[in-house]
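Structural description and commentary
Listed below are the residues making up each chain.
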Amino acid sequence: MEAPLLSVRQLTVDFNTDAGNFRAVDGLTFDIPKGKTVALVGESGSGKSVTAQAILQILSKKARITGGSIVFDDPANGGTIDIAALQPESDAMHALRGGRIAMIFQEPMTSLSPLHTIGDQISEALMIHADVDQAKANQRTMEVLARVGFPDPKRALKTYPFELSGGLRQRAMIAMALITRPALLIADEPTTALDVTTQAQILDLIKELQGETGMSVLLITHDLGVVANVADEVVVMYRGRVMEAGSRENIFRNAQHPYLQALMRAVPRFAMAENERLTPIREVTSATLTSASAPERIQPKGPILKAEHLTKCFTLRSGWFSGKTQEIRAVSEVDLSLPVGKTLGLVGESGCGKTTVSKMIMRALTPNSGRVLFDDGTGPKDVHKLEGDALTTYRRSVQFIFQDPFSSLNPRMTVYELLTEPLRIHNIGTSDERYARVKQLLDMVGLDQRALRRYPHSFSGGQRQRLGIARALALEPRVLLCDEPVSALDVSVQAQVLNLLKDLQSALGLSYLFVSHNLAVVDYIADTIAVMCRGYIVEEAPKSSLFRNPVHPYTQALLAAVPDPDIDRPLDFAKLRSGRFSQPSEWPEPFRIKPGEFGVMKEIEPGHKVRMGQLTAREAA
C-alpha cells in the first residue's frame, strides 16, 4: 500500500491565553493519500483552521504544537520530513510553505494585499520558490490565471484586488497557490462567501486541477453539500478531536456518531416535508416567545409592502478628466408584493441588485422610476413621499437585519446600549420600561440576561446575529428586511437562526423580505420566491411550484448549482460549465432580453410568473 502524502499522528496544539491554557487540537490523527481529497468537517471552533495552520507552521504567537507528528512524504524530494519538529522560520519550512504545501484562505479580500497588483502577488510566490526572472514569472502568471478562468489574464496582471468580484478574487488566490505546483493544497473554506454558481465553478476547478497535477487536497469546510460532491475521505472534528472518519460513501450512507448525525439534520434540504423543522445541535429556547403575541393593529386589506416598476441606475465615471460617463442599470422594472405575515424570498447571485432593492424599500436609495407602497392598515402610501411623523412611523415599522453581524454592531456599545438605542431615538418608554423591554428581547432570541453588560466582540457569530435580530425587533416592527442573515454562519448556527426567525414570525405576525443566494435556505423559510438576475426579476412563484417546475434557464442553473448533502444527487458540473446563465442577451428564446429592453412578466400558472423577451411577449398578446 502506498504511503500517504501527509500523515498526522496524535497532534496537539495548545493556546496560552490570559484566561489560562486552552487545547484547540487534542490528539488528532488522520492521513491524506496522494492525489485524493480529504475533507475536514466541523463547526466553527472545532479546530479545523488551527490544524491547517499547524501543518504550515503559521500558528499565532500564543499557540504552539505540544505533541504529535506531521509527517510529509514529498515525492519531489524523495524523503519524509516531520513538520512538527521544524522551526517555523527555518529554511526547510520556508521551502515547504507556499512551495510544496500551498493554502487558499477563507476570505480572499483580507488575505490579498490591497497595495499590490494581482500579477505582482502571484508572480512573487513563483520567484521565491523557483529560479525565474520577472518576464518568465509574468508569463507563467498569465498561464495560470487563464487556467483558473480569468476572462482577461493580461489585464489581470495590472488589476488590484478591490477591482475584482468575490469569485475572481478567490480564483486569484487559487492561482497564487497553484503557480508553484504544490503536492498538497489546503483549502480553508474556499467557497463559504461565494454564490452557489461561483462556488460550483470553483469546486469544479479544484477537482479539474487536481486531476491534471495529481496534487492532494485538504478541504476544510462546514458545508456537507460541498463534502458530498468533492471529497474522497471525510474527517469529522468537534472540539479538537476526531468524532468519525471514513470514506465519503461510509460517512453519508452510514453516519454512526451522534454529532455527525446532528450535523446532517441541521442542513436545509430541498426534499423537506411541509412543516418539518431543522434540528440544530443546540436548540435556542425562549420562555417569552411562547407567550408573545403581535400588538393589536389594523390589518391592511392587500399586501403590506409592494414595489412597482422599481428601476435604479448608477453613473460611473470612465476617467478623471475625460468627462465621459457610463450608466449601469442595477435594477430594472422590479415588481414585488409581500403579503401580511408571509415571507418573500429574493434569490440571486452577488451583484444582481437584491441589496439595492432592499435599500430602496428602506429609503436609503431613491429609485430613478417606480415606487414602493407600504400599507399599515390605512391604505397604501408611497414610501418615498413620506415626511415628518408618517416617515418616523414607517421607519419604526420596517427594520433591517444585516449580513455581517459584527460590522453592524457598534464595538464601543454594550448590549444594553445597542438594544435601547432604537427606543431612545424614538423616545419610547422610561428607563425602567426600556430595561424591561431589553430583557424581554434578549429572552426572545435565546440569550442570557447576563449578556447586557458585554460588548459585541465577546459573542460568537451566531450570538451576534441574534443580537442583530433583537435590535431589529426593539421597535415592534411589522416588516423585517433580512439581507443574507445566515450566509456567514455555520450549518448548526444557521439552523438556530432560521428556526428563530420562523418562531418570531408565527408569534409576532411579522412579514419578511428574505434576501439570499442560497436556494435551500430560502426554500426552508419563504412562502413565495422571486429569482433575480442582472437587475431583472426573471421568475416568481410559490416555493412548491418553483422547485417542482423551474421554467427560466437561470432558475434551472441556480437550482443545479446548489450542492446537496446527498451522494446520490451530485452536482452536474458539465451543465454548469456549458453556459453563461447570467447574461440576459445569451438566454435561449423565448427568454432572451436584448440590451435596453425590459421584457415582460408572463403568468404560466396561477401565481407562477416568468420573464419573457419583448418579441415573445408581443406574440403572446
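Taking an unreviewed UniProt entry as the reference, the protein chain is identified by name as ABC transporter ATP-binding protein belonging to Microvirga mediterraneensis. Taken verbatim from the UniProt record of the protein chain, the Subcellular location (unreviewed entry) comment is "Cell inner membrane".

A closer look at empty space enclosed by the protein
Applying the stated criterion to the full structure yields 3 cavities of 30 Å³ or more. Quantified by volume, the largest cavity comes out at close to 490 Å³. Q199, D223, Q494, N518 and V521 are the residues nearest the centre of the largest cavity, which is lined by 34 residues in total. Elements supplying a minimum of two residues to the lining of the largest cavity: α8 (196–213), α9 (224–230), α18 (491–508) and α19 (519–525). The element best represented in the lining of the largest cavity is α9, accounting for 3 residues.

Quick look at the sheet that holds strand β1 (residues 6–17)
On the basis of which strands lie adjacent, the open sheet formed by 4 strands has the order β2-β1-β4-β5 and antiparallel pairing. The open sheet has two free edges, formed respectively by β2 (20–32) and β5 (79–82), since each of these has just one partner strand. Each strand axis lies, on average, 15° off the axis of its neighbour in the sheet, ignoring direction. Inspection of the sheet shows strand β4 (residues 63–74) paired to β5 by 4 bridges, in the antiparallel sense. Bridging across to β5, F72 finds its partner in I81.

Quick notes on the layout of surface pockets
Its boundaries defined by the atoms lining it, the second largest pocket holds a volume of some 510 Å³. If you list the elements that add at least two residues to the lining of the second largest pocket, you get β6 (101–104), α4 (118–129) and α7 (166–178). With 5 residues, α4 is the largest single contributor of residues to the lining of the second largest pocket. The class makeup of the residues in the lining of the second largest pocket is 11 nonpolar, 5 polar and 2 charged. Viewed by domain, the lining of the second largest pocket spans two of them, domain 1 (1–100 + 182–267) and domain 2 (114–179), each represented by three or more residues.

A word on the domain arrangement of the protein chain
For the protein chain, the assigned domains are domain 1 (1–100 + 182–267), domain 2 (114–179) and domain 3 (300–410 + 476–564 + 584–620). Put simply, the middle of domain 1 and the middle of domain 2, counted by C-alpha atoms, are 25 Å apart. Taken together, the 18 residues of domain 1 in the interface contact 10 residues of domain 2. For the domain 1 and domain 2 pair, buried surface summed over both sides reaches about 1100 Å², with 67% attributable to carbon and sulfur atoms. Sorting the residues of domain 1 by area buried against domain 2 places I202, L205 and L209 first, and these three jointly supply 35% of that buried surface. Applying the counting criterion to the domain 1 and domain 2 interface returns 2 salt bridges. One salt bridge connects R147 with E208, and the closest N-O pair in it is separated by 2.6 Å.

With respect to the nonpolar core
General note: in soluble globular proteins, nonpolar side chains tend to be found buried as a group. If you look at the biggest cluster of nonpolar residues, it comprises 127 residues, and the most contacted ones within it are I174, I469, L473 and L504. For this core, the element with the highest residue contribution is α18, accounting for 10 residues. Contact partners of I174, with chain neighbours within four places excluded, come to I104, V148, I202, L205, I206 and L209.

Concerning the pattern of salt bridges
Within the structure shown, the criterion is met by 19 salt bridges. In this structure, E249 and R253 form a salt bridge, with 2.8 Å as the shortest nitrogen-oxygen distance. One end of the pair is E249 and the other is R253, both in helix α10 (residues 248–253) and 4 residues apart, which spans about a single turn. Look at R253 and you get partly exposed, because its relative accessible area is 48%.

Cut-offs applied
- Residues numbered from 1 in each chain as written.
- Predicted model: local features only at pLDDT ≥ 70, side-chain atom pairs only at ≥ 80, totals over all residues.
- Heavy atoms only, no water.
- UniProt positions renumbered as here; feature names shortened; annotations may be inferred.
- 1 Å grid on protein atoms, 1.4 Å probe; cavity = no way out; pocket = protein on both sides within 12 Å on 5 of 7 lines; lining within 4 Å.
- Points joined across faces, edges and corners; volume = space filled by probe spheres on them.
- Helix = DSSP H or I, 4+ residues; strand = E, 2+ residues; numbered from the N terminus.
- Pairing = 2+ DSSP bridges.
- Axes fitted to C-alpha atoms, helices over the stretch in contact; angles between N-to-C directions.
- Nonpolar A, V, L, I, M, F, W, Y, C, P; charged D, E, K, R; others polar.
- Domains from an automatic or database assignment.
- Contact = heavy atoms within 4.5 Å.
- Buried area = accessible area lost by both parts, 1.4 Å probe.
- Salt bridge = Lys/Arg side-chain N within 4 Å of Asp/Glu carboxyl O.
- Core = buried A, V, L, I, M, F, W, Y, C linked by side-chain atoms within 4.5 Å.
- Buried < 20%, exposed > 50% of the residue type's maximum accessible area, 1.4 Å probe, protein only.

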